[in-house]
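Fold and geometry: a report
What follows is the residue order along each chain.
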Amino acid sequence: MKQLNKYLSAVFLAVTLGSVVGCAPTTTRQGTGEYIDDTVITTKVKAAIAEDPLTKFLEVKVKTFKGEVQLSGFVSSREAANRAVELARGVQGVTSVKDDMQIK
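Every value quoted in this text rests on a predicted model; they were computed, and no experiment measured them.

1. Digging into helix H3 (residues 78-89)
- In this model, H3 (12 residues) spans 17 Å end to end at C-alpha, consistent with the 16 Å of a helix rising 1.5 Å per residue.
- For H3, the complete set of buried residues consists of Ala-80, Ala-81, Ala-84, Val-85, Leu-87 and Ala-88. Buried residues in H3, looked at end-on, bunch into an arc of 160°, giving them a common side. Residues Glu-79 and Arg-89 are exposed on H3 and point more than 90 degrees away from its buried face.
- For H3, the secondary structure elements touched by its buried residues are helix H2 (32-51), strand E2 (68-75) and strand E3 (96-103).

This is the structure in C-alpha cells:
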C-alpha cells in the first residue's frame, strides 16, 4: 500500500508540474493574464482609431503581443498613418508600435 501511495504521489506531482510549466509564458507565447491585457489594449486602440475624425474610416488591423502593437492595412495618406500610430501610442499599456500600414 505504501508503494502505491508513493507512486500516486509521484504521478500527481508530475502532472501538477507539467500543467504549471505548460501555462507559463515564454518569449514567443503569452500567459493568460498577458493575453487578456493584450486583448484590452487591442480593443482600446481600435476604439481610438474609430473615434478619431482623420482615421475613423481607415481599414487598419490591430494586433497586440506583450504590449507591442502592430498596425497593418491600407491608409489614404501618410498623415493618416502617422495619426493612427500616435493614437496607438497614447493607449495605456502600449510599450511600442510597429507601423506596417501601406498607402493606397
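2. Concerning the environment of Glu-34
- Relative to the assigned elements, Glu-34 resides in helix H2.
- Its relative accessible area of 29% is what places Glu-34 among the partly exposed residues.
- In this structure, the C-alpha to C-alpha distance between Glu-34 and Gly-67, residues 33 residues apart in sequence, is 8.3 Å.

3. Focus on the pattern of salt bridges
- Taken as a whole and judged by the stated rule, the model has 4 salt bridges.
- Between Asp-99 and Arg-78 there is a salt bridge; the shortest N-O distance is 2.9 Å. On the criterion of sequence distance, the pair formed by Asp-99 in strand E3 and Arg-78 in helix H3 is long-range, its members being 21 residues apart.
- By relative accessible area, Asp-99 is classed as partly exposed at 29%.
- Of the charged contacts in the structure, one is a salt bridge between Glu-86 and Arg-83, with a shortest N-O distance of 2.7 Å. Taken as a pair, Glu-86 and Arg-83 lie in helix H3 at a separation of 3 residues, close to a single helical turn.

4. Some remarks on the pairing of E2
- Across 7 bridges, the pairing between strand E1 (residues 59-65) and E2 is antiparallel. Bridge pairing in E2 links Val-60 to Gly-73.
- Linking two consecutive strands that pair antiparallel, namely E1 and E2, is a turn of 2 residues; a positive phi of about 55° is found at Lys-66 within it.
- In the sheet, E2 pairs with E3 via 8 bridges, with the strands oriented parallel. Counted as the bridge partner of Ser-72 is Asp-100 from E3.

5. Thoughts on the sheet that holds E2
- If you trace the 3 strands from one edge of the open sheet to the other, you get E1-E2-E3, paired in mixed fashion. Two strands lie at the open edges of the sheet, namely E1 and E3, each paired on one side alone. Sheet twist, expressed as the mean angle between neighbouring strand axes with direction ignored, is 15°.
- Taken strand by strand, H2 contacts E1 and E2, and its axis lies near 155° from that of E1.
- Sitting on the sheet, H3 is in contact with E2 and E3, with an inclination near 160° to E3.

The rules behind the values
Each chain has its residues counted from 1, following the order in which its sequence is written. The model is predicted, so local features are restricted to residues of pLDDT at least 70 and side-chain atom pairs to those at 80 or more, both for listing and for counting; the totals for chains, interfaces and linings are taken over all residues. Excluding hydrogens and water, the side-chain figures rest on all heavy atoms present in the structure. Under the scheme used here, helices are H or I runs from DSSP no shorter than 4 residues and strands are E runs no shorter than 2 residues, and both carry numbers assigned from the N terminus. Multiplying 1.5 Å by the residue count of a helix minus one yields the expected span of that helix. Burial classification: accessible surface area is computed with a 1.4 Å probe over protein chains only, and a residue below 20% of its type maximum counts as buried, one above 50% as exposed, and the rest as partly exposed. Taken from the helix axis, the directions to the C-beta atoms give the arc we talk about. What makes two residues a contact is simply this: any of their non-hydrogen atoms within 4.5 Å. By definition, a salt bridge exists where a carboxyl oxygen of Asp or Glu is found within 4 Å of a side-chain nitrogen of Lys or Arg. In short, DSSP must find at least two bridges between two strands for them to pair. Think of each axis as a best-fit line through the C-alpha atoms, taken over the contacting stretch in the case of a helix, with angles from 0 to 180 degrees between the N-to-C directions.

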